Amino acid sequence: MLLQYGIGMSVYVMMGLSFLPLILIFLIFAFSLPGFKIRYGLIAILLGLLSLIPIVIIQSIVRNIPVFTNTTLVSALITVMVFNGFIEESVKMLTLNLLPHKKTSFSTFFALSLMAGLALGCFETVIYLFSGYHEVELRTVTAVAMHSLCTSLSGVFVWTWRNPVVTADGKKKPFFQPYVWAVILHGSYNFFAGFSGFYRWFSVATIILTALECRIWFQKILNVNNGEPVLGIESSDLTKL
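Criteria and cut-off values
Residues numbered from 1 in each chain as written. Predicted model: local features only at pLDDT ≥ 70, side-chain atom pairs only at ≥ 80, totals over all residues. Heavy atoms only, no water. Helix = DSSP H or I, 4+ residues; strand = E, 2+ residues; numbered from the N terminus. Expected span 1.5 Å × (residues − 1). Contact = heavy atoms within 4.5 Å. Patch = residues over 30% accessible without salt bridge, like charges linked within 9 Å, V, L, I, M, F, W, Y side chains within 5 Å. Areas by Shrake-Rupley, 256 points an atom, 1.4 Å probe, with all protein chains shown as cover. Salt bridge = Lys/Arg side-chain N within 4 Å of Asp/Glu carboxyl O. Buried < 20%, exposed > 50% of the residue type's maximum accessible area, 1.4 Å probe, protein only. Core = buried A, V, L, I, M, F, W, Y, C linked by side-chain atoms within 4.5 Å. Axes fitted to C-alpha atoms, helices over the stretch in contact; angles between N-to-C directions. Parallel < 35°, antiparallel > 145°, perpendicular 65-115°, else oblique. Left-handed = near helix turned anticlockwise from the far one by under 90°. Nonpolar A, V, L, I, M, F, W, Y, C, P; charged D, E, K, R; others polar. Phe/Tyr/Trp six-rings, centres within 6.5 Å; stacked < 30°, edge-to-face > 60°. Lys NZ or Arg CZ within 6 Å of the ring centre and 35° of its normal. Disulfide = S-S within 2.5 Å. Arc of directions from axis to C-beta. pLDDT = per-residue confidence, 0-100.

## Examining the environment of Met115
Inference 1: By secondary structure assignment, the location of Met115 is in helix H7 (residues 106-130).
Inference 2: The sequence separation of Met115 and Ile23 amounts to 92 residues, and the corresponding C-alpha distance is 9.7 Å.

## Focus: helix H2 (residues 20-32)
In an α-helix, one turn spans 3.6 residues; hence positions three or four apart end up facing the same way.
Inference 1: Taking 1.5 Å of rise per residue, 13 residues should cover 18 Å, and H2 covers 18 Å from first to last C-alpha, within 8% of that figure.
Inference 2: Residues of H2 that are buried make contact with helix H3 (38-50) and H7.

## Considerations on a nonpolar patch on the surface
Inference 1: A surface patch of nonpolar side chains, about 1000 Å² in accessible area, is lined by Trp181, Phe198, Tyr199, Trp201, Phe202, Val204, Ile208, Leu209, Leu212 and Ile216.
Inference 2: Tallying contributions element by element places helix H10 (residues 201-225) first for the nonpolar patch, with 7 residues.
Inference 3: Structurally, the position occupied by Ile216 is in helix H10.
Inference 4: Ile216 sits in the partly exposed class, given a relative accessible area of 39%.

## What about the pattern of salt bridges?
Inference 1: Under the counting rule described, the total for this entry stands at 1 salt bridge.
Inference 2: Where Glu89 meets Lys92, a salt bridge forms, and the shortest distance between an N and an O atom there is 2.8 Å. Of this pair, Glu89 and Lys92 both sit in helix H6 (residues 73-96), 3 residues apart, which is roughly one turn of that helix.
Inference 3: Look at Lys92 and you get buried, because its relative accessible area is 4%.

## Section: the nonpolar core
Most often, soluble globular proteins keep nonpolar side chains buried together rather than apart.
Inference 1: Core analysis: the largest hydrophobic core is formed by 45 residues, its most contacted members being Leu22, Phe29, Phe36, Leu99, Phe106 and Met115.
Inference 2: If you list the elements that add at least two residues to this core, you get H2, H3, H6, H7, helix H8 (136-162), helix H9 (177-193) and H10.
Inference 3: Counting residues per element, this core draws most heavily on H7, which supplies 11 residues.
Inference 4: Contact partners of Phe36, with chain neighbours within four places excluded, come to Phe26, Phe29, Ala30, Gly41, Thr108, Leu112 and Met115.

## As for the packing of H2 against H7
Inference 1: Where H2 contacts H7, the two axes come as close as 9 Å, and the packing angle between them is 165°. By the angle class used here, H2 and H7 are roughly antiparallel. Between H2 and H7 lies a crossing whose hand is left-handed. Residues Pro21, Leu22, Ile25, Phe26 and Phe29 of H2 touch H7, and the partners they reach there are Ala111, Leu114, Met115, Leu118, Ala119 and Cys122.
Inference 2: In the contact of H2 with H7, the residues fall into 11 nonpolar, no polar and no charged.

## Thoughts on the packing of aromatic side chains
Inference 1: For the coordinates displayed, the defined rule picks out 21 aromatic pairs.
Inference 2: Taken together, a centroid distance of 5.9 Å and an interplanar angle of 50° make the contact between Phe157 and Trp161 tilted. With Phe157 and Trp161 both in helix H8, this residue pair falls 4 residues apart, about one helical turn.
Inference 3: Given the relative accessible area of 53%, Trp161 is considered exposed.
Inference 4: By the ring-pair criterion, three or more aromatic residues cluster together here, those being Phe191, Phe192, Phe195, Phe198, Tyr199 and Phe202.
Inference 5: Directly above the aromatic system of Trp217 lies the positively charged group of Lys220, at a separation of 4.3 Å from the ring centroid.

## Quick notes on the state of the cysteines
Inference 1: Taken as a whole and assessed by the stated rule, the structure comprises 0 disulfides.
Inference 2: Free of any disulfide, Cys214 has its nearest cysteine sulfur in Cys150, 7.4 Å distant.

## Things to note about helix H4 (residues 52-62)
Inference 1: If you check which residues of H4 are buried, you get Leu52, Ile55, Gln59 and Val62. Within H4, the buried residues cover an arc of 110° as seen down the axis, which keeps them to one side.
Inference 2: Buried residues in H4 make contact with H3, helix H5 (66-69), H6 and H7.

## Notes on the confidence of the model for the protein
Inference 1: On average, residues of the protein carry a pLDDT of 83, and 82% of them reach 70 or more.
Inference 2: Across the protein, element-level confidence peaks in H3 with a mean pLDDT of 96 and bottoms out in helix H1 (residues 2-18) with 59.
Inference 3: Confidence over residues 1-9 falls short of pLDDT 50; this stretch has 0 contacts with residues more than four positions distant or in other chains.
Inference 4: In this model residues 227-241 is a low-confidence stretch, pLDDT under 50, and it forms 35 contacts with partners more than four residues away in sequence or in other chains.

Shown next, in the form of structure tokens:
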């Protein structure tokens, strides 16, 4: 009985540790980010968790397509790009459209997007924990970070889609590139993470590159908000973002 109790407690401890990054980030944003509302943060977490449902459904439907069942290197690359890149990032991107955006600053929306991805990544860690995955600690550090960063990139696209910027030619355009980067980088991470030895380090390099992309696009939108011309965008009417 004591052994079973101890095992049960250790499972709960591992579950708590799996969500510890989400709890810490939530507290940091709640106490340090101006305009961050607790209810918005909870909505972001809920949306991140719920996004797993359509992801699993879509992946289970297309899983048996022949190109995804082959064992060649090309097939493996296509599989991760479609499953982990396109499907997961597209569902998360569409889910972000449900986040509150009226009277929400870009910085807050970016933080909410990050939290949505972090919630999904932490919940996936719990799934791997119960499935007996042998590298839960590694996944907590790498895959959770990747989910968070890629969802943040998609959040940039969603923000500019709902708040189009005025370019030099006078047209209002969203920044579609961050979403494309999210798809490519997420697929690349899973591709290299499937290797062992030296090639696996490329997955870490992919995480670093994704973090840099987040930094670049975050700064670009802030510059736009400050009225600075970025990527051929005129400084006029930029404060509408």
